[in-house]
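# Structural characterization, general
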Amino acid sequence: MNISAWSIRNPVPALLLFILLTVMGLLSFGKLAVQNFPDMDLPTIKISASLEGAAPEQLETEVARKIEDNLASLSLLDHITTTITDGSVSISVSFQLEKDSEEALNEVRNAVDSTTDLPSEMDSPSITKVTVQSSPLLTFAVRSQRLNETELSWFVDNDMKKALLAVSGVGDVSRIGGIDREVHVDLNPSVMASMGVTAETVSSTLKSVQGDTSGGRGEVGDRRQNIRTLGAVDSVEALKDIAIPLSDGQLVRIGDVGTVTDSFSERSSFGHLDGEQVIGVQVKRTSGFSDTGVASDIRTAMTSFAAQHPDVEITEAYTTVEPIIENYDGSMEMLYEGALLAVVVVWLFLRDWRATILSAIALPLSVIPTFIVIHYADFSLNTITLLALSLVVGILVDDAIVEVENIARHLRMGKSPMDAALEAADEIGLAVIATTFTLVAVFLPTAFMSGIPGLIFRQFGVTAAVAVLASLLVARLLTPMMAAYVMKAGVEEKEDGRIMRTYMRVVKFCLGHRLLTMLGVAIFVGLSLSAIPFLKSGFMPASDDSQTQVTLTLPPGSTLDQTNAITQQSAKIIAGVPNVTHVFSAVGTASSGGVDSTTTTDVTTATIVVDLTNINDRDVKQTEIENDIRKALSGVAGTRVEVGSGGNGTELEITLASDDNDALDKASSSLEEQLRTLKGIGAVTSSASLQAPEIQIVPDLTRAAALGVTSDAIALAVRVATYGDYSSSMAKLDLPQRQLSIRVRFNSDSRTSLDSIANLQVAGANGNVNLGAVADIRIGGSPSEIDRIDRSRNVTLTVELNGRILNDVYSEAKNLPALKNLPEGVHLVEQGELQRSSELFQSFGTAMAIGVFCIYAVLVILFHDFLQPLTILMALPLSLGGALLPLIITDTSFSMPAVIGLLMLMGVVTKNSILLVEYAIMSRRNGMSRFDALVDACHKRARPIIMTTIAMGCGMLPAALSLSGGDSSFRQPMAIVVIGGLITSTFLSLLVIPVIFTFIDDFLQKLRRLFGFTPNPAA
């Protein structure tokens, strides 16, 4: 049964169906999250282990290697990345996208639990699933004229953090700057030595008495009671009176051997906004939530919170949301502009407002129902899904154009609107269905792509396929039905215009000179393929978010105050660079952007976030401003400077790994030196760890044994005297809302010289002895940080691309002698954008092959022919030249958006060929000769093909010319590929496809004669 005919005779069900779909689509649209890109994080589990004071080399041997060995056998593992710093081990276990995150968490937990022989004094490693986005959504600056820094820090930790975490979608709140309150017991070494008391004795005694302990049960008065021992004091003054037993049986008060103060712990970070010291508060969202929705809720909550606390000033330091909003608005504008231009094109061709309205109605009725699937597929409104809708705008109106134009042609034959709609819909039905399912056959295989590229392509492919299927529903159910009741009988068919007459002459010439035509085509395709080596490729194009960052790294051993001074100097310089609006600095942290972004804490590093003039209000690119910043900071001495957020398309990371540390260091140093010779790049930095200064204590084992002193006793005495006990082992002072750690150690004078350390008392078999009597004390060095990947040490060399293309620079790097001739045992590890780029082109090749096969299979089923579908597929290589040449001319990289555009192009160019071939086959079945059928097909189908091509091209024009708002770096390459490919493929298809049809038909007739079948003109 003809569904279009049924809809024309029964219009009510179709109208009700689209009313229902529209209402559901609008409701779904209101529920969709708005993001910049889909959440692109791989299933990742974090393992954190800490042993305060332990050196990185010690932790590598005693902790990291043991845990890594147990993780290596887990299934679907992507990378095991380990960072070891002083006292801390952080292991990131990332899995392939197909891995269930809960299953991954359980497997990692079991692997860590089965790791034996970890240091006994270390707490059990914490294992958490990463559910929070790595980059902050909003950062606030907090300051107060009334509260001091300690009070303001507690206000942020207690009050502000509670208010922020109450907002749905907030996953993490962290503080930058400020201080933590802590009780200090600073012991006097001279008094302690005279009394024969060690710092460890004071610390352990204080911990044993400063606490409330439950235990026991009483039965007083015929009732049952629990028993608690309340030994904890509740004030600093009371702590001074706690007695410490001496070896001779006497007691001494803590206040007599040291100073007890209500102080603060060692500062680990500073925050500054435009030169003024503030406390920064970074807010990160939970994966799966809307960027703009969560940011809006946070701002609303903070406005209310600030009103309740007028003595505290809370301002927004910087945000990553504004570029997302601008890109969303830009994508929506592109969608609206493209739809409007497509409708204008229809009117210019048809010059009939009724036919134009019928074509225009197809757009919202195809797009709005798509939101239903986007919502239930758990997608979001992001750059990818909105671009999918923008790209298919021309296709969505395409089916309606073909239907309406065909109906208008039948009306010009003198038929009534009802008859014209019935006959035209029946005539064009197969072609419309074939073209739609061809497009679906192109898009759906993207769902089988793997990795991060697969995640992005899946959202694109499903969105585009659903929108195209919705347009088919409109074209088959609604457009013919409305045409039958709305359109009026047209004037008689006019004679062909000059353009059509010229085109028909050219078609007949091509059909009469088939070999010459094919020679021209072969030359064009050859030239198109020869352009491929000139393409520059990458994973993602560099974006312009009107925000960048500068990372400063000082030599190991630098203090926080030194880092802070350099940071303030650098921030002042940056503020003077043109187009810089605000500068926020976080001293003590280092952040990297992009898909695999990370944040590390280190007093020798600082991150400066630089807000730039809005992209719409300046003429220079972000890369040029970053270059200006780089030049301005060239005079900052003794500091490694990295400029750029580390986002997609801005940096090349080359990672070398080896188990041979010497060979790795030599290879990375040589490569770093040679990378600096590449032209047009920014800074080259290495993650190779410098030697951090350390005080090394080497026990004289013979003398120590004679005095009954062990290495453990030495380590314990030195740690407690100079730093205090482990945080988990410290005594606590209970306050109404929190606990304060009580840090017991010698006063600061005892840490300023080797002689002071040598005079520390160590417990022996016959009393305390001086440390210097049993050990040699000297200044030495060890790696400040150890990086490992997949159970080997690694060094990552980061090259700032400075506007150049990722794979272009990487190709030059691979030709450097240091990388071509790596020492034995040193190997290259692809990670980050290099890995994603490789995955992209491998997956795309597979998806393209599957897509072509699916197109062929669909056409075989619809046309009942195995050979003529090859005619349609010949349109694919015809589009290559037009798609690739504009990329070379505009110096645009062949990256993910261009790949998406090429995928879209595959479906569109076959769509045009189907219209030609289907009509020619139908005409031959009606008795026409092959030549006349092809000429008639070109005559009847040229107009709708050109209409749809121009409509789609105009729909992409705002993106290609960067006329839509926001950053167009992702939208532009896609539009360039589609427009260029459309123009060449349409022009060549209208001339070449009829010629290819004749060659395929000749071959088919020869086969039939060869096997004794009667030739059939309908073939």
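Residues numbered from 1 in each chain as written. Predicted model: local features only at pLDDT ≥ 70, side-chain atom pairs only at ≥ 80, totals over all residues. Heavy atoms only, no water.

### Some words on the overall build of the protein
Operational definition: Labels follow the DSSP assignment, with helices taken as runs of H or I lasting at least four residues and strands as runs of E lasting at least two, numbered in each case from the N terminus. The classification of residues rests on relative accessible area computed with a 1.4 Å probe and restricted to protein chains. Under 20% of the type maximum is buried, over 50% is exposed, and intermediate values are partly exposed. We call two residues in contact whenever any of their non-hydrogen atoms come within 4.5 Å of each other. Accessible surface is estimated by sampling points in the Shrake-Rupley manner with a 1.4 Å probe; for residues, cover comes only from the protein chains shown. We treat Lys and Arg as the positive residues and Asp and Glu as the negative residues; His and chain ends play no part in the count. For the purpose of locating charges, the reference atoms are NZ of Lys, CZ of Arg, CG of Asp and CD of Glu.
Along its length, the protein carries 33 helices and 30 strands. Principal-axis analysis of the C-alpha atoms gives the protein an extent of 120 × 70 × 60 Å. Within the protein, buried positions represent 54% of all 1019 residues. For the protein, long-range pairs separated by at least 24 residues make up 80% of all intrachain contacts whose partners lie at least 6 apart in sequence. Taken as a whole, the protein presents about 43,100 Å² of accessible surface, with 56% of it coming from carbon and sulfur. Where the 75 positive side-chain charges of the protein centre and where its 110 negative ones centre are 9 Å apart.

### With respect to the pairing of strand β28 (residues 786-789)
Keep this limit in mind: Two strands pair if DSSP finds at least two bridges between them.
A two-sided burial pattern is seen for β28, the buried positions comprising I786 and R788 on one face and D787 and I789 on the other. Inspection of the sheet shows strand β2 (residues 77-85) paired to β28 by four bridges, in the antiparallel sense. Bridging across to β28, T83 finds its partner in D787. Relative to strand β29 (residues 792-800), β28 runs antiparallel, the two being bridged by two bridges. Among the inter-strand pairings, I789 is bridged to a residue of β29, identified as S792.

### With respect to the pattern of salt bridges
Quick reminder of the rule: Here a salt bridge means any side-chain nitrogen of Lys or Arg lying within 4 Å of a carboxyl oxygen belonging to Asp or Glu.
Enumeration according to the criterion identifies 39 salt bridges in this entry. Notably, a salt bridge pairs R299 with E322, separated by 3.2 Å at the nearest N-O pair. Here the residue R299 occupies a position in helix α10 (residues 291-308), and E322 occupies one in helix α11 (residues 321-350), the gap between them amounting to 23 residues. For R299, a relative accessible area of 24% gives the class partly exposed. For E322, a relative accessible area of 35% corresponds to the partly exposed category. K415 is paired through a salt bridge with E423; the nearest N and O atoms lie 2.4 Å apart. According to the relative accessible area criterion, E423 is partly exposed, its value standing at 39%. The structure contains a network of salt bridges with shared partners spanning E60, R65, E68, R788 and R793.

### Remarks on the nonpolar core
Burial of nonpolar side chains together is a common tendency in soluble globular proteins. Defined as follows: Nonpolar core, defined: a set of buried Ala, Val, Leu, Ile, Met, Phe, Trp, Tyr and Cys residues in which side-chain atoms within 4.5 Å join the residues together.
F443, F460, M487, Y503, M896, M904 and F970 are the most contacted members of the largest nonpolar core, which has 164 residues in total. Setting aside its immediate chain neighbours within four residues, F443 contacts F460, G461, A464, A465, V468 and M904. Membership of the second largest hydrophobic core comes to 41 residues, among which are A713, I714, F746 and I757.

### Things to note about the pairing of strand β13 (residues 270-273)
Side chains F270 and H272 project from β13 onto one buried face, and the interleaved G271 and L273 project onto a second face that is buried too. Judged from the three bridges that link them, β13 and strand β14 (residues 276-285) form a sheet pairing that is antiparallel. Looking at the pairing, G271 lines up with V278 of β14.

### Quick word on the confidence of the model for the protein
Quick reminder of the rule: Confidence scores labelled pLDDT are given residue by residue by the predictor and lie between 0 and 100.
Confidence in the prediction of the protein, expressed as mean pLDDT, is 85, and 97% of residues score 70 or more. Confidence, expressed as mean pLDDT per element, reaches its minimum in the protein at helix α14 (residues 393-412) with 75 and its maximum at strand β5 (residues 138-143) with 94. Confidence over residues 592-597 falls short of pLDDT 50; this stretch has 19 contacts with residues more than four positions distant or in other chains. Segment residues 1015-1019: pLDDT under 50, and 15 contacts once partners within four positions in sequence are set aside and those in other chains are kept.

### Examining the packing of helix α2 (residues 11-31) against helix α16 (residues 451-486)
Quick reminder of the rule: The axes used here are C-alpha line fits, helices contributing only the stretch in contact, and every angle between their N-to-C directions lies in the interval 0 to 180 degrees. Put simply, angles under 35 degrees are roughly parallel, angles over 145 are roughly antiparallel, angles from 65 to 115 are roughly perpendicular, and the rest are oblique. Handedness of a helix crossing follows the sense of rotation of the near helix relative to the far helix, less than a right angle counterclockwise being left-handed and clockwise being right-handed. Each residue gets one of three labels, nonpolar for Ala, Val, Leu, Ile, Met, Phe, Trp, Tyr, Cys and Pro, charged for Asp, Glu, Lys and Arg, and polar for the others, Gly among them.
Packing of α2 against α16 brings their axes to within 10 Å, and their N-to-C directions diverge by 125 degrees. With respect to their mutual orientation, α2 and α16 come out oblique. Every pair of crossing elements has a handedness; the one defined by α2 and α16 is left-handed. Facing α2, whose interface residues are P11, A14, L15, L17, F18 and L21, α16 presents L473, V474, L477, L478, M481 and Y485. Its residues assigned to classes, the contact of α2 with α16 comprises twelve nonpolar, no polar and no charged.

### Quick word on a nonpolar patch on the surface
Inclusion rule: Exposure above 30% relative accessible area and no salt bridge define the residues that can form patches, which grow by joining like charges within 9 Å and nonpolar side chains of Val, Leu, Ile, Met, Phe, Trp and Tyr within 5 Å.
Residues V12, L15, L16, I19, V23 and L27 make up a contiguous nonpolar surface patch of about 570 Å² in total accessible area. The topology assignment puts L15 in helix α2.

### Topic: unusual backbone geometry
Positive phi, close to 65 degrees, is recorded for D378, a residue that is not glycine. The topology assignment puts D378 in the loop between α12 (353-376) and α13 (383-391).

### Re helix α15 (residues 417-443)
This is how it is decided: Bend is the name given here to the angle between axes fitted to two runs of seven residues, the run ending at a residue and the run starting at it.
When the local axis directions of α15 are compared, the greatest deviation, roughly 45 degrees, occurs at I428. Burial analysis of α15 places 20 of its 27 residues in the buried class, which makes it a mostly covered element.

### A short note on empty space enclosed by the protein
Filter applied, for reference: Cavities and pockets were defined on a 1 Å grid built over protein atoms only: a cavity is a set of grid points that admits a 1.4 Å probe from which the probe cannot escape, a pocket is an open set flanked by protein on both sides within 12 Å along at least five of seven lines, and lining residues are those with an atom within 4 Å of any such point. Grid points are joined across faces, edges and corners, and a volume is the space filled by probe spheres set on the points.
Enumeration according to the criterion identifies six cavities of 30 Å³ or more in this entry. Estimated volume of the largest cavity: approximately 70 Å³. Broken down by element, the residue count for the lining of the largest cavity peaks at three residues, all from helix α20 (residues 622-632). Here the lining of the largest cavity is built from residues that sort into three nonpolar, six polar and three charged.

### A closer look at the side chain of T198
Here is the rule we go by: Pairs of N or O atoms within 3.5 Å make up the polar contacts considered here, provided that, within protein, one atom can donate a hydrogen while the other can accept it, and that residues adjacent in sequence are counted only when both atoms are side-chain atoms.
Secondary-structure assignment places T198 in the loop between α6 (189-195) and α7 (199-209). Residue T198 is classed as buried on the basis of its relative accessible area of 8%. In terms of polar contacts, T198 uses its side chain to reach the side chain of T201, at 2.8 Å. Once residues lying within four places of it in the same chain are set aside, the contact partners of T198 are M192, Q761 and N768.

### Overview of the packing of aromatic side chains
Note the threshold: Note on aromatic pairs: the rings of Phe, Tyr and Trp (six-membered ring only in Trp) are paired at centre separations within 6.5 Å, and the planes decide the class, stacked below 30 degrees, edge-to-face beyond 60, tilted for the rest. Geometrically, a lysine NZ or arginine CZ counts as sitting over a ring once it is within 6 Å of the ring centre and also within 35 degrees of the ring normal.
Counted by the stated rule, this structure contains five aromatic pairs. Taking the ring centre of W154 as reference, the NZ or CZ of R738 above it sits at 3.9 Å. Here the basic side chain of R743 rests over the ring of Y723, its NZ or CZ set 4.8 Å away from the ring centre.

### Some remarks on the environment of K284
Summarising the element assignment, K284 is placed in strand β14. Note on K284: relative accessible area 14%, which makes it buried. For the pair formed by K284 and V173, sequence separation is 111 residues and the distance between their alpha carbons is 6.5 Å.

### Focus: the sheet that holds strand β24 (residues 739-746)
Spatially, four strands are ordered β12-β7-β24-β23 in an open sheet, and the strand pairing comes out mixed. The open sheet has two free edges, formed respectively by β12 (258-264) and β23 (731-734), since each of these has just one partner strand. Across this sheet, the average inter-strand angle for adjacent strands is 30 degrees, counted without regard to direction. In this sheet, β24 lies alongside β23 in antiparallel orientation, the contact comprising four bridges. The residue of β24 that forms the bridge with A731 is I742.

### Structural notes on the side chain of Q459
With respect to the helices and strands, Q459 occurs in helix α16. Discounting chain neighbours no more than four positions away, the residues touching Q459 are P38, F379, S380, N382, I384 and T385.

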